[in-house]
Amino acid sequence: MISITLPDNSVRQYESGVTAMEIAKSISEGLARNVLSAKVNGEVWDANREINQDAKVQLLTWNDQEGKATMWHSSAHLMAEAIEQLYPGVKFGIGPDIENGFYYDIDTGDITLTESDLEAIEKRMLDLAREKQTFERVNVSKSEANSYFTEKGDEYKLELIHDLEDGQITFYKSGTFTDLCRGPHLPDTSFIKAVKLLNIAGAYWRGDEKRKQLTRIYGITFPKKKELDEYLLLLEEAKKRDHRKLGKELELFAFSQKVGAGLPLWLPKGAMLRERLEQYLKKVQKEAGYLPVITPHIGNVNLYKTSGHYDKYGQDSFRPITTPYEGEEFFLKPMNCPHHCEIYNNKPHSYKDLPIRYAEFGTVYRYEQSGELHGLTRVRGFTQDDAHIFCTPDQIKTEFKAVIKIIMKIFKALDFAEFITQISLRDPNTPEKYIGSEENWQKAEKAIIEVAEEEGLEAITEYGEAAFYGPKMDFMVRDAIGRKWQLGTIQVDYNLPERFDLTYIGADNEKHRPVMIHRAPFGSMERFVAVLVEHCAGNFPLWLSPEQAIILPISEKYQNYAENVLKSLNNSDIRALIDDRSEKISRKIRDAEVNKIPYMLIVGEKEAAENQVSVRKHGEGDLGSFSIEDFASLINNEVNRLQGFE
RNA sequence: GCCGGUGUAGCUCAGUUGGCCAGAGCAGCUGAUUUGUAAUCAGCUGGUCGGGGGUUCGAAUCCCUCCACCGGCUCCA
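Numbers given to residues run from 1 along each chain, matching the order in which its sequence is written. Lettering for chains starts from A, numbering for ligands starts from 1, and both go in the order in which the items are written. Residue-level local features of this predicted model are given only where pLDDT is at least 70; pairs of side-chain atoms are given and counted only at 80 or more, and the full residue set underlies all totals for whole chains, interfaces and linings. No hydrogens and no water enter the side-chain calculation; it runs on all heavy atoms of the structure.

Novice: Help me get a handle on the pattern of salt bridges, residues and values and all.
Specialist: The salt bridge definition used is simple: a Lys or Arg side-chain nitrogen within 4 Å of an Asp or Glu carboxyl oxygen. Summed over the entire model, instances satisfying the criterion amount to 38 salt bridges. For Arg130, the salt bridge goes to Asp127, with nearest N and O atoms at 3.2 Å. Residue Arg130 and its partner Asp127 are located together in helix α4 (residues 118-130), separated by three residues, close to a single helical turn. Summary of the burial criterion: residues with accessible area below 20% of their type's maximum are buried, those above 50% are exposed, and those between are partly exposed, where the area comes from a 1.4 Å probe applied to protein chains only. Look at Arg130 and you get exposed, because its relative accessible area is 61%. Within the structure, one salt-bridge network assembled from shared partners comprises Lys397, Lys401, Lys446, Glu450 and Glu454. Numbered from the N terminus, helices here are DSSP runs of H or I no shorter than four residues, and strands are runs of E no shorter than two.

What follows is the structure in structure tokens.
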């Protein structure tokens, strides 16, 4: 007999060799019907794998992320089985579960799969699922594993096996499909009741662009048809928030083939929105002791040779601009930091001057691969809300923390509650990708890690994500359909000060090297606005909205009064306009609602007589009558409250 | 850059076994209407069917090529 400890700390006795499924059945049949896998001593196991010693067991269902993962991983196998049956001879790469569903990478040989083939695969998957196929776990030796896939001719699996240790290799067999797999899997395929293959794409084998590109099919499955329908509805709703769609509808920005791919055109409403964000940050930065600087859009090639950007990105940049006679080379500015270093170098500095904080909304141009361009989130010309802080080594942490404070203030003002903090360090395996001394890297990485701890930030750490000159702390936000985008960034840099020979005179009257902190709270105005649009679905906070109120006269008779109201609002710094079309009031309201204008002010006979406006709030409805003064202070109070400037 | 898909009016879309002057709704313009909380009515304008080349008596429709966009991969100072 063995003792099984359940999550509520109750202990039950079972025969050795009991499975999680049997444990579930001994508790209740209903539970057993929902068990997908089980966590045994912290490791996720098949529900029908024998447990031979005392263990802590947690039964996993669809309500657990690990339960979902089991379902989706098994779904990848099911899809592979279906594809193998429909297209014999295909070879398989890897097929993992992911955050929302699963994928499998497939070498389809001479045939090309397209979206139109997905339906047939889905159908076969459902047929196979109904067969209630079990997943059989088999321990195999390395040579057995090799001979199986040699016979099958699947070089991808052979490559995977090559990296595995003998004695640690398992196969899973379900129906006609056998896969190299660590598991775990579902008790049987009948748990999969609904299947949707979402998209099909190319993916390099092992993520290496020099290797063969396989066909990747993404899918998702559910234990109930209804849940799939709900998920698809959710995806559709998310698409409505897409900044590319809303940006067009709300006339914020546009692209033109003639101007060039990845070069956004800010339309008046978008430009006004962006200006407000810039003004806001300028105000915050002024309070925090930043000094404005302005630098040109191009720089001599030697500037970037000094900074190291030329060696690193020279080949992946727009080609240099040359002077007509001398042949002098200039690059479009890809970064503001080299320019700011030269501003620092413009005169000698004392330790008493530090920290010095140079801020610039600097527009930079970077060549991005054509397949990478994406709305406003990935463009070839964009404006960073950049600043560089030059400080002494012992000022780093204080300055770093002050920057975090600014970023938090902004995120709070814009209601970005769900962001991810990431510490990006070097990949210790590829030192050639980085410049600067080991000692300085260690110092810089240590500073960031300590700041995160001291500030109590829950940060994830990613190795290999650092900039080539230094480690960084990034703040990421998800877009409407769950893609992560980096917004704010703070980077500690010991390298550029060396390369530009930046110095300050210390209290000891000796020259010392300052440290640079690169930081951009928004990241880029383009990307930030994109994410903001998706975050609020185009319903901007009042202080950013291009139009805060629209005055809707009931008829032409009240046009004069409407103009008086507009004048008063403008005098109170409220952005408003009049809808003077000869339309019915309900039509004007509808159009204002569709255009997401925060407040509608209806004026007719009654309002004109009493010097009032009838206020309707976007998405909420009638708020009743207000005097113009009361409405103005309602707006201005809300604006101040949202910006955190009360 | 790579794999797959898409490209018809300002917007959303119909039209493809190749065949009358390429259609609709919304937007726009003109006129009528003067309206009380989510679409008033009528008329009109608007497209080198992404660009170029080819096949054909004839191309939005078939082929080639370039461009842009969409979904991924790789990349992201």
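Novice: Break down empty space enclosed by the protein for me, with residues and values.
Specialist: Whether a set of points on the 1 Å grid over the protein atoms alone is a cavity depends on a 1.4 Å probe fitting there but being unable to get out, while an open set qualifies as a pocket with protein on both sides within 12 Å along at least five of seven lines; lining residues are those with an atom within 4 Å of a point. Grid points are joined across faces, edges and corners, and a volume is the space filled by probe spheres set on the points. Taken as a whole, this structure holds two cavities of 30 Å³ or more when the rule is applied. Taken as a whole, the largest cavity spans an internal volume of roughly 50 Å³. Lining the largest cavity are Ala238, Asp242, His243, Arg244, His374, Asp479, Ala480, Ile481, Arg483 and Glu534. By volume, the second largest cavity is sized at about 30 Å³. In terms of lining residues, the second largest cavity is bounded by Asn440, Trp441, Ala444, Tyr469, Gly470, Pro471, Val492, Asp493, Tyr494 and Asn495. Going through the elements one at a time, α14 (438-454) and β27 (484-493) are the ones with two or more residues in the lining of the second largest cavity. The element contributing the most residues to the lining of the second largest cavity is α14, with three residues. In terms of residue class, the lining of the second largest cavity is built from six nonpolar, three polar and one charged. The nonpolar class holds Ala, Val, Leu, Ile, Met, Phe, Trp, Tyr, Cys and Pro. Asp, Glu, Lys and Arg form the charged class, and all remaining residues, Gly among them, are polar.

Novice: Just give me the short version of the protein's contact with RNA strand B, but keep the residues and values in it.
Specialist: In these notes, residues near a molecule or strand are those with any non-hydrogen atom within 4 Å of it. If you check the shell around RNA strand B, you find 57 residues, and the closest are Gln213, Met335, Ser370, Glu372 and Arg587. Within 4 Å of the protein, the contacting atoms of RNA strand B are 50% sugar and phosphate, with bases supplying the remainder. Pairs of N or O atoms are called polar contacts if they sit within 3.5 Å, as long as, within protein, a hydrogen donor faces a hydrogen acceptor (for residues adjacent in sequence, only side-chain-to-side-chain pairs). A distance of 2.9 Å separates a phosphate oxygen of RNA strand B from a polar atom in the side chain of Arg483. One of the side-chain N or O atoms of Lys557 is found 2.9 Å from a phosphate oxygen in RNA strand B. Grouping the amino acids of the surface near RNA strand B by side-chain chemistry returns 16 nonpolar, 19 polar and 22 charged.

Novice: Break down the nonpolar core for me, with residues and values.
Specialist: Ranked by internal contacts, the top residues of the largest apolar core, which has 78 residues, are Leu277 and Phe631. When residues of this core are assigned to their parent elements, the largest contribution, nine residues, is made by helix α13 (residues 396-413). The start and end points of each domain follow an automatic or database-based domain assignment. Composition of this core by domain shows at least three residues from each of domain 3 (261-295 + 348-536) and domain 4 (549-643). Contacts are assigned to residue pairs that have any heavy atoms within 4.5 Å of one another. When sequence neighbours within four positions are dropped, the list of residues in contact with Phe631 reads Ala549, Leu569, Tyr599, Leu601, Val613, Val615 and Phe626. The criterion is simple. A nonpolar core is a set of buried Ala, Val, Leu, Ile, Met, Phe, Trp, Tyr and Cys residues joined through side-chain atoms within 4.5 Å. Phe92, Leu113, Met125 and Phe135 belong to the second-largest nonpolar core, a separate cluster that totals 38 residues.

Novice: Report on the sheet that holds strand β35 (residues 621-627), specifying residues and quantitative values.
Specialist: Strand order in the open sheet made by the five strands is β32-β31-β33-β34-β35, with mixed pairing throughout. Edge strands, defined here as strands with exactly one partner in the open sheet, are β32 (576-578) and β35. Taken over all neighbouring pairs, the strand axes of this sheet differ in orientation by 25° on average, direction set aside. Where strand β31 (residues 549-553) meets strand β33 (residues 599-603), five bridges bridge the pair, whose relative direction is parallel. Counterpart to Pro553 in the pairing with β33 is Val603. In short, DSSP must find at least two bridges between two strands for them to pair. Note on geometry: axes are C-alpha line fits, over the in-contact stretch for helices, and angles between N-to-C directions span 0 to 180 degrees.

Novice: If you had to explain helix α12 (residues 337-344) to someone new, which residues and values would you point to?
Specialist: Within α12, six of the eight residues are buried, leaving the element largely enclosed by the surrounding structure. Along α12, the residues that are buried comprise Cys337, Pro338, His339, His340, Cys341 and Tyr344.

Novice: Explain the confidence of the model for chain A to me, using residue names and the numbers behind them.
Specialist: Residue-level confidence of the predictor, termed pLDDT, takes values from 0 up to 100. Scored by pLDDT, chain A has a mean of 95; 100% of the residues are at 70 or more. Our summary of model confidence lists the complex with pTM equal to 0.94 and ipTM equal to 0.95.

Novice: Summarise the side chain of Ser614; cite the residues concerned and give the values.
Specialist: With respect to the helices and strands, Ser614 occurs in strand β34 (residues 612-617). Judged by its relative accessible area of 12%, Ser614 is buried. What Ser614 contacts, discounting residues up to four positions off in sequence, is Met600, Leu601, Ile602, Glu607, Asp622, Gly624 and Ser625.

Novice: Describe the environment of Ile321, and please don't skip the residues or the numbers.
Specialist: Among the secondary structure elements, Ile321 is positioned in strand β20 (residues 321-322). Linking Ile321 and Glu249, residues 72 residues apart in sequence, is a C-alpha distance of 37 Å. When sequence neighbours within four positions are dropped, the list of residues in contact with Ile321 reads Ile298, Glu328, Glu329, Phe330 and Leu332.

Novice: Mind laying out the sheet that holds strand β4 (residues 37-40), listing which residues take part and the relevant values?
Specialist: Reading across from one edge, β2-β1-β7-β4-β5 is the order of the five strands in this open sheet, with mixed pairing throughout. Taken across any chain shown, the strands that pair with only one partner, and hence form the sheet edges, are β2 (11-14) and β5 (43-46). Taking each pair of neighbouring strands and ignoring which way they run, the sheet shows an average axis angle of 40°. As paired elements, β4 and strand β7 (residues 55-60) share four bridges and run antiparallel to each other. Across the sheet, the residue bridging to Ala38 is Leu59, located in β7.

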